[in-house]
Amino acid sequence: MPRYNFILNEHSSGILHDVQSKLEKALNETDAKVISISGPWGSGKTHSVDKTLKEIRESRRIRIARASLFGVRTIAELKLALLDSIASSAGGIRSSIQKKLGWARNDLPAVLGKVHTLGPLANEMVMLWSTRALAGHLIVLDDIERKHDQLEMSELSGFIENFKLNHGARFILVMNDEKLADVSEWREVHEKIIDREINLRPRPSDSLAVAMATESKLKSALDPLLAGCGITNIRVIKRIITEANRGLPAEVSPDSATARLFLAPLVFILGTHLRARAGQSTTHTSFRLEMDGELVLDAESEKAAENIGIQRRHALTACVIELIHSGALPQDRVRQILSQEFSNEDQHALSEEIRSISNDYDWDPDWTDSAAHAAAATAALSAARHLNHQLLSRALHMLEHIGSPPETMKEALLEYGRTTRSITSRDLKRISKDEAERLHEKLKSQLQEEGLVDHAPKKEADQNSYDPDLYRMSIIGTFGYSSATDQQSAEWFAAQLEKVNSEELRSYVVDLLDRGGSPSLAEEHVSYARAFSDACRLFISSTQHRRRARMVQLALEGNRPMR
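Residues numbered from 1 in each chain as written. Predicted model: local features only at pLDDT ≥ 70, side-chain atom pairs only at ≥ 80, totals over all residues. Heavy atoms only, no water.

Draft legend 1. A negative patch on the surface, seen in detail. Together, Asp149, Glu152, Glu155, Glu185 and Glu188 give the surface a local cluster of negative charge. Within the element layout of this structure, Asp149 appears in the loop between strand S3 (138–142) and helix H7 (153–166). The class for Asp149 is exposed, based on a relative accessible area of 64%. (Patch = residues over 30% accessible without salt bridge, like charges linked within 9 Å, V, L, I, M, F, W, Y side chains within 5 Å. Areas by Shrake-Rupley, 256 points an atom, 1.4 Å probe, with all protein chains shown as cover. Salt bridge = Lys/Arg side-chain N within 4 Å of Asp/Glu carboxyl O. Lys, Arg positive; Asp, Glu negative; His and termini not counted. Charge placed at Lys NZ, Arg CZ, Asp CG, Glu CD. Helix = DSSP H or I, 4+ residues; strand = E, 2+ residues; numbered from the N terminus. Buried < 20%, exposed > 50% of the residue type's maximum accessible area, 1.4 Å probe, protein only.)

Below you can see the structure in the form of C-alpha cells.
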C-alpha cells in the first residue's frame, strides 16, 4: 500500500486532533495494516475517521469502502454492505445491478434480501464478486460492538486476515470496546489482527469543544456542569445545547446564577435519561415529582445532583422533567420563569456562593479556617438581608458545615430579625408548617416567635413525657460510644432512631457512623459501633418514613449531607 503523506487541517480541535494525528501517522506506516479506534459512544470516533479520510481524499486518490456492522449477521451481509459503499457514486449496488441486468428496481430489494440466504451458491457469488471489488481498498468497519450475535468474532477476524494478507486491503476498525458482548473472543484475536490501537477517551470539555466550536457564555456555563456529570457524548451535548438555546430568554445571561437554575437540571436529567452520565448504572433511571413538586431520584443520582447544585424543588426542574416525559420543552413557561427569577439574580448568585463556600472548605486544604469563616459570615449576613427563608436556611447550614463560631449564626439571625421588623406586616408572607419543617431549626424557631409561622403544638411537660431511652440516645449522639452500655443493642438503637426528629436523626446517624469508622475508635466501643450500623440497616428495612430511610441509606454508603 502507498504512503499517504497528508497533513491534517490545523483547525481540528483538542483531543480529536490528537486522534486524527495518530490515525494519520498509522496510515503512513506501511506495516500498520489493521488500525483500531475505540472509545465511548458519542465520543467522536466516527467524526475523527471521517475528517481524516477527507484529508486523504484531498491529498491523493484512494479507494475506500466502509460499512456499519450494526445488526450484520453474516460475512456475506458485510460484503454486500461494502459493495454497496463502493458503488454509492452510481446510486449503490442496487442501481448497478439494475443497470447491468435490467431487473425492475422494485424487484431488487426482495432479490438482494435473499442473496445471502439462498445457500452456498448464492453466497459464493457474493464472495467472488466482493473479493475482486474490495481488493486493495482501505476498509472501514464501524460499530463493531453492535454486530449481531450470529456473526462470530472469529469469522470477522478471519475475513480481516484474509483480505489483509491475500488481497492488499487495510482496515480501520471503529468500536466502543466497553460494550463488546464477546469480550473474551475479542481478546483472543486482538493481538493477532490489530497492528495499531488508538484509544479515544475525551474529557467533557473536549467533547464540548467539538459540539460548540466557538467560545460563548453558554459554553462557559455548560463546561462545569458537564464535567460534574462526566458527560462526553457529543450527540447528547448537542441536544443539551439545543434545549438550552430554546429555553434561555435574551435578557438572561447564560452564565448567570439564574440560568443555572435551568441549566443544572437540564444537563443532569437529560444526560441521565440518555445514559450519558459517567458512573450511571445500566438500569434506566426514573424521574418523578412528589405532590409538593420535589424531584425524586434514585439513590445513585442523589449525590451527583447535589454536587452540581440542582434545586430539586423548583418549577424549572419540573419543566425539564416535562421535557423527558413529553419530548418537548415547555419553552414559553421556561422563559417566563427565568425572566421572573432574573429579578432575584443577586439572591441566586448568593445561593451559588454559599454552595461554593461549603465545597471549597471541603476540597481546598490551602484555604485557612479563618478565611473560610470570614467568607461564610459575610455570605450569611447578606442572606439575612433578603426576605428569602430558604436562602438564609442554606446559609445557616453552611455555617454549621464548616464549623463557624456560634456567634456568627446568632448575628445572622439577629440581622434577619431586624430585616423582618423593618417592613410592614402585610408585606411579610407567612410560612406554612410544611415549609417551616424544611428550614433550619433555629430559623424556624425565630420565625415562630415572630408570628410568621404557626407554633408546633407543645406537649405537656409531665412525668410521663420523659423517655429515658431517648435521653440516653441524645447522650450517645452527642458524646459518642463512650456513653453506651451493654443495654444498647442494634434493636435498641433502631427503636430510638424511629423516635428522634429529623434534625437529630441526621446528626446522630452521620456522627456515629463517622465515629464507628474512625481508626482511633477504642476497641471496647467497636461492638457498639457495629450495633449502630446494624440498627441503621434495620431502620431502613422497617421504617415507614421513605425519605428518612433514604437519608440513612446514603449515610451508610459514605455520603454526607450538604449542610
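So, next bit.
Draft legend 2. Local environment of H7. An ideal rise of 1.5 Å per residue puts 20 Å on 14 residues; H7 measures up with 20 Å between its terminal C-alpha atoms. Within H7, the full set of buried residues consists of Met153, Leu156, Ser157, Phe159, Ile160, Glu161, Phe163 and Lys164. (Expected span 1.5 Å × (residues − 1).)

Draft legend 3. Looking closely at the packing of aromatic side chains. Throughout the structure, instances matching the rule amount to four aromatic pairs. Relative to Phe163, the ring of Phe159 has its centre 4.9 Å away and its plane inclined at 50°; by these criteria the two rings are tilted. With Phe159 and Phe163 both in helix H7 and four residues apart, the pair spans about one turn of that helix. A residue is classified by how much of its surface remains accessible, and Phe159, at 4% relative accessible area, is buried. (Phe/Tyr/Trp six-rings, centres within 6.5 Å; stacked < 30°, edge-to-face > 60°.)

Draft legend 4. The arrangement of the confidence of the model for the protein chain in detail. Overall, the prediction assigns the protein chain a mean pLDDT of 80, with 82% of residues at 70 or greater. In the model of the protein chain, helix H5 (residues 108–114) stands out as the element of lowest mean pLDDT, 49, in contrast to helix H11 (residues 234–247), which has the highest, 94. Ignoring residues within four places in sequence, the model shows residues 100–109, a span with pLDDT below 50, making 12 contacts including any to other chains. The model gives residues 455–464 a pLDDT under 50, and that stretch makes four contacts with residues more than four places away or in other chains. (pLDDT = per-residue confidence, 0-100. Contact = heavy atoms within 4.5 Å.)

Draft legend 5. Seen up close, the nonpolar core. The biggest cluster of nonpolar side chains holds 65 residues, and the ones touching the most others in it are Ile172, Ile231, Ile240, Phe262, Leu263, Leu266 and Phe268. Take this core: its biggest share by element is 10 residues, from helix H12 (residues 257–273). Counting 27 residues, the second largest nonpolar core, distinct from the first, contains Leu134, Ile139, Met175 and Leu180. (Core = buried A, V, L, I, M, F, W, Y, C linked by side-chain atoms within 4.5 Å.)

Draft legend 6. Quick look at the pattern of salt bridges. For the coordinates displayed, the defined rule picks out 18 salt bridges. For Lys444, the salt bridge is made with Glu441, and the minimal N-O distance between the two is 3.3 Å. You can see Lys444 and its partner Glu441 sitting in helix H21 (residues 441–449), three residues apart, about one turn around the helix. Overall, the relative accessible area of 9% leaves Lys444 in the buried class. Residue Glu441 is classed as partly exposed on the basis of its relative accessible area, which comes to 28%.

Draft legend 7. Here's a closer look at the pairing of strand S4 (residues 170–175). Of all the six residues making up S4, six are buried; the element is thus mostly covered by neighbouring parts of the structure. Note that strand S1 (residues 34–38) and S4 share five bridges and pair parallel. From the neighbouring strand, Val34 faces S4, where its bridge partner is Phe171. Note that S3 and S4 share four bridges and pair parallel. Note that in S4 the partner of Leu141 across the bridge is Leu173. (Pairing = 2+ DSSP bridges.)

Draft legend 8. How the structure looks around unusual backbone geometry. Its identity is not glycine, yet Asp143 carries a phi of approximately 55°, on the positive side. We classify Asp143 as buried; its relative accessible area is 18%. Within the chain, Arg275 stands out as a residue other than glycine whose phi angle is a positive 55°. Along the chain, Arg275 turns up in the loop between H12 and strand S6 (288–289).

Draft legend 9. Highlighting the environment of Ala395. Take Ala395: it is sitting in helix H18 (residues 389–402). Remark: the alpha-carbon pair of Ala395 and Ser382, spanning 13 residues in sequence, is separated by 9.3 Å. Other than its neighbours up to four places away in sequence, Ala395 contacts Ile354, Ala380 and Ala383.

Draft legend 10. Examining the packing of helix H24 (residues 502–516) against helix H26 (residues 546–556) more closely. Direction vectors running N to C along H24 and H26 enclose 15°, while the axes themselves pass 10 Å from each other. By the criterion of interaxial angle, the relationship of H24 to H26 is roughly parallel. Crossing of H24 against H26: the hand is right-handed. Residues Ser502, Leu505, Arg506, Val509 and Leu513 of H24 pack against Arg548, Met551, Val552, Ala555 and Leu556 of H26. (Axes fitted to C-alpha atoms, helices over the stretch in contact; angles between N-to-C directions. Parallel < 35°, antiparallel > 145°, perpendicular 65-115°, else oblique. Left-handed = near helix turned anticlockwise from the far one by under 90°.)

Draft legend 11. Here's a closer look at the environment of Arg246. As for its placement among the helices and strands, Arg246 is situated in helix H11. By relative accessible area, which is 39% here, Arg246 ends up partly exposed.

Draft legend 12. The arrangement of the pairing of S1 in detail. Within S1, five of the five residues are buried, which leaves it mostly tucked inside the rest of the structure. With burial as the criterion, each face of S1 is covered, one bearing Val34, Ser36 and Ser38 and the other bearing Ile35 and Ile37. Relative to strand S5 (residues 196–199), S1 runs parallel, the two sharing four bridges. In the strand pairing of S5, Ile37 is matched with Ile198.

Draft legend 13. Structural context of the sheet that holds strand S2 (residues 64–68). On the basis of which strands lie adjacent, the open sheet formed by five strands has the order S2-S3-S4-S1-S5 and parallel pairing. This sheet does not close on itself; its edge strands, each paired only once, are S2 and S5. Averaged over all neighbouring strand pairs, the angle between strand axes comes to 15°, with direction disregarded. Across the sheet, helix H3 (residues 75–86) touches S2 and S3, and the angle it forms with S2 is around 130°. On top of the sheet, H7 reaches S1, S3 and S4; it is set at about 155° to S4, its chief contact.

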